[in-house]
Amino acid sequence: MIERLKEVLGPRRVTTARDDLDNWGRDWTRTFVVAPGAVVFPETVPEVVAITRLANEEGFALVPSGGRTGLSGGAVASRGEVVVSFDRMNRILDFNAADRVVRCQAGVVTAAVHAFAQDKGLYYPVDFSSSGSSQIGGNVATNAGGINVIRYGMTRDWVAGLTVVTGTGEVLELNRALVKNATGYDLRHLFIGSEGTLGFVVEAELRLTERPAPSRVMVLGLDRMKDILSVLTRFQAGATLSAFEFFSELAVERVTRHRSLARPLGSSSAFYALLEFDGDDESAALAAFEDALAAGWVSDGVMSQSDAQARALWALREGITESIAPETPYKNDLAVRIADVPGFLDDVDQAVGRLYPDLEICWFGHIGDGNVHLNILKPPGLTAGDFYARCDAISPELFKLVSSRGGSISAEHGVGLLKRDFLKFSRSAAEIEIMCAVKDALDPNGVMNPGKLLPDRGRERVQ
Ligand code: 2HG
Ligand code: ZN
């Protein structure tokens, strides 16, 4: 396998060095076995095709790899697979001003697209804490969400076209950045969120948009979670929100300690909401704040007076994941319809008290789009293995609550290895069968990211 890969890529772009296997064989999860057979660095689409054909001929498995910032193990190689890194396919290829479409290779980092768009006087609105290292190919493969979804939607909403290499090595150009294209199944959307199980995303055409007006950021203190939707609705009545995030007091404690940040408000509250809105809506937002205060939904609040202050308030939200990382949290990335959020949070609150009476829970998320992140923190006395086994055993109770409201067990992080065995809580048996049939059509030999997303049907050849 290694020799044949070297014939295709030359010896310098195939590595089996221990450190390289460890580095490129994992994502941000830390609980899966990391054991790739090799890591390869293609530079062109024909090279990706050649690698894929070789995998089919020789019977080895491939794991597509981007910025490795995923939180569900979708880019982890545990079974001797070949990791295909897009680090060397990181060029912006083309920009069409009339279409406002930028074409880039899969390995372009999200922040580079932001900078490119700004250079053109435009805006790429998909943004999240890992924008500095996540890559476009991975964003597409996981349909990444982030902090602006309430206003701009997910990655899917910004993909105008894709070039993919299927599991058999076929190159497909999907949609070619057309706005209108009524010619049957839109295969582009099958690849968005496919988590590398159907083939490789090698190029993406991304739509850019107008830059938003300068914004303001507000952080509000809330004593009761159930009031959060009233706050959202009141603010939305007067202001255009581009973010409506929330986090708990525990999250504030961790993040202020970890990043040496000032607390947002003079007093502490059980929960905090972070809102971003257009600067033009400042008076409408202040009126909404007065109303929320009078109604007793919020107890205190602060609004940014400068970009630096806005960034400092955002740091409270964006630094949470890294601040709790040392406690190897068990991650839940749950979504329900926005209107269901208060009832769902109530149910979850009770269930958590019953299921995890001795465990600390760090709550935060994008409440404005119905997505909550529930991180269960590992107590110091427990080994990571025991802790994860325990959380896995009680997760179905939580997922039943999600399922009963028609919600999703993975809103924006993907299924990967972490949620694979729980897929049935969000997708019906018939849906999963159809997903497997799609996989069989595009990757009949099961070389693409086996064991991720879909039930492991023992189709993969590599153990
Ligand atoms: C976020 O919203 C990310 O910050 C990470 O989706 C969430 O760490 C998490 O659970
Ligand atoms: Zn998130």
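The rules behind these values
- Residues numbered from 1 in each chain as written.
- Chains lettered and ligands numbered in written order.
- Predicted model: local features only at pLDDT ≥ 70, side-chain atom pairs only at ≥ 80, totals over all residues.
- Heavy atoms only, no water.
- Helix = DSSP H or I, 4+ residues; strand = E, 2+ residues; numbered from the N terminus.
- Buried < 20%, exposed > 50% of the residue type's maximum accessible area, 1.4 Å probe, protein only.
- Contact = heavy atoms within 4.5 Å.
- Polar contact = N/O pair within 3.5 Å; in protein donor to acceptor, adjacent residues only side chain to side chain.
- Arc of directions from axis to C-beta.
- Pairing = 2+ DSSP bridges.
- Axes fitted to C-alpha atoms, helices over the stretch in contact; angles between N-to-C directions.
- 1 Å grid on protein atoms, 1.4 Å probe; cavity = no way out; pocket = protein on both sides within 12 Å on 5 of 7 lines; lining within 4 Å.
- Points joined across faces, edges and corners; volume = space filled by probe spheres on them.
- Nonpolar A, V, L, I, M, F, W, Y, C, P; charged D, E, K, R; others polar.
- Near = heavy atom within 4 Å.
- Patch = residues over 30% accessible without salt bridge, like charges linked within 9 Å, V, L, I, M, F, W, Y side chains within 5 Å.
- Areas by Shrake-Rupley, 256 points an atom, 1.4 Å probe, with all protein chains shown as cover.
- Salt bridge = Lys/Arg side-chain N within 4 Å of Asp/Glu carboxyl O.
- Donors = N, O, S within 2.8 Å, 3.2 Å for Na, K, Ca; no water.
- Phe/Tyr/Trp six-rings, centres within 6.5 Å; stacked < 30°, edge-to-face > 60°.
- pLDDT = per-residue confidence, 0-100.

### So, the environment of D20
Move 1: Tracing the backbone shows D20 in helix α2 (residues 18-24).
Move 2: Judged by relative accessible area, D20 falls into the partly exposed class, the value being 23%.
Move 3: The spatial distance from the C-alpha of D20 to the C-alpha of V231 is 48 Å, given a sequence separation of 211 residues.
Move 4: With residues up to four places along the chain from it excluded, the contact list for D20 reads T15, G25 and V39.
Move 5: At 2.7 Å, the side chain of D20 forms a polar contact with the side chain of T15.

### Some remarks on the side chain of N139
Move 1: One can find N139 in helix α5 (residues 136-142).
Move 2: The buried category is assigned to N139, whose relative accessible area is 4%.
Move 3: With sequence-adjacent residues up to four places away left out, N139 is seen in contact with T110, F128, S134, A144 and T155.

### Considering helix α4 (residues 110-119)
Move 1: Considered for burial, the residues of α4 that qualify are T110, V113, H114, F116 and A117. Looking down the long axis of α4, one finds its buried residues gathered within 165° of arc, a one-sided arrangement.
Move 2: For α4, the secondary structure elements touched by its buried residues are β5 (92-96), β6 (101-105), β7 (122-123), α5 and β10 (199-207).
Move 3: Residue G121 follows α4 closely and has a positive phi angle near 75°.

### With respect to the sheet that holds strand β9 (residues 171-174)
Move 1: Ordered by their spatial adjacency, five strands build an open sheet running β5-β6-β10-β8-β9, and the pairing between neighbours is antiparallel. At either margin of the open sheet sits one strand with a lone partner, and together these are β5 and β9. The sheet shows a mean angle of 15° between the axes of neighbouring strands, taken without regard to direction.
Move 2: Here strand β8 (residues 159-166) pairs with β9 via four bridges, running antiparallel. Within the sheet, the bridge partner assigned to T163 lies in β9 and is E173.

### Topic: empty space enclosed by the protein
Move 1: Applying the stated rule across the entire model yields three cavities of 30 Å³ or more.
Move 2: The calculated volume of the second largest cavity comes to roughly 40 Å³.
Move 3: Lining the second largest cavity we find L71, S72, K331, N332, D333, S410, H413, G414, L418 and K419.
Move 4: Classifying every residue of the lining of the second largest cavity by side-chain character gives two nonpolar, five polar and three charged.

### Section: the site of ligand 1
Move 1: Near ligand 1 you find L71, S129, R317, T321, K331, F364, H366, H373, N375, E412 and H413, and these make up its full shell.
Move 2: R317 has a polar side-chain atom sitting 2.7 Å from an oxygen atom of ligand 1.
Move 3: For the shell around ligand 1, the secondary-structure elements that each account for two or more residues are β17 (360-366) and β18 (371-377).
Move 4: When its residues are assigned to classes, the shell around ligand 1 shows two nonpolar, six polar and three charged.

### Digging into the sheet that holds strand β1 (residues 14-15)
Hydrogen bonds between backbone groups are what pair the strands of a sheet, and the pairing can be parallel or antiparallel.
Move 1: With respect to topology, four strands assemble into an open sheet ordered β1-β2-β4-β3, the strand pairing being mixed. Sheet topology places β1 and β3 (62-65) at the edges, where each strand pairs with a single neighbour.
Move 2: Pairing geometry for strand β2 (residues 38-40) and strand β4 (residues 82-85), over three bridges, is parallel. Note on β4: the bridge partner recorded for A38 is V82.

### Observations concerning a nonpolar patch on the surface
Move 1: On the surface, a cluster of nonpolar side chains totalling about 350 Å² of accessible area is made up of Y185, L187 and L190.
Move 2: Note on L187: relative accessible area 34%, which makes it partly exposed.

### Remarks on the coordination of the zinc ion (ligand 2)
Move 1: Within the first shell, the zinc ion (ligand 2) binds the protein through H366 (NE2), H373 (NE2) and E412 (OE), at distances of 1.9 to 2.1 Å.
Move 2: In primary-sequence terms, the residues that donate to the zinc ion (ligand 2) follow H-x6-H-x38-E. Pair noted here: H366 is in strand β17 and E412 is in the loop between α14 (384-404) and α15 (429-442), with a separation of 46 residues, a long-range link. For the pair shown, H366 and E412 are each scored as buried.

### So, the packing of aromatic side chains
Move 1: According to the stated counting rule, one finds ten aromatic pairs in the structure shown.
Move 2: Note on F399 and F425: the rings are 5.7 Å apart at their centroids and 55° apart in plane angle, and the pair reads as tilted. Separated by 26 residues along the polypeptide, F399 in helix α14 and F425 in the loop between α14 and α15 bring together distant segments of the chain. No difference in accessibility class separates F399 from F425, as the two residues are buried.

### Points about the environment of N90
Move 1: Along the chain, the position of N90 falls in the loop between β4 and β5.
Move 2: Excluding residues that lie within four positions of it along the chain, N90 makes contacts with Q105, G107 and V108.
Move 3: Polar side-chain contacts of N90 include one of 3.4 Å to the backbone oxygen of D87.

### Quick word on the confidence of the model for the protein chain
Move 1: Scored by pLDDT, the protein chain comes out at a mean of 95, with 98% of its residues at no less than 70.
Move 2: Every residue in residues 458-463 is under pLDDT 50, and counting partners more than four places away or in other chains gives 18 contacts.

### A closer look at the pattern of salt bridges
One side chain can pair with another of opposite charge once the charged atoms of both are near each other.
Move 1: Within this structure, the stated rule accounts for 26 salt bridges.
Move 2: The residue E57 makes a salt bridge to R4 at a minimum N-O spacing of 3.4 Å. Highlighted residues: E57 in helix α3 (residues 45-58) and R4 in helix α1 (residues 2-9), separated in sequence by 53 residues.
Move 3: Taking relative accessible area as the criterion, R4 reaches 31% and is therefore assigned partly exposed.
Move 4: The partner of D186 in a salt bridge is R188, with the nearest N and O atoms 2.5 Å apart.

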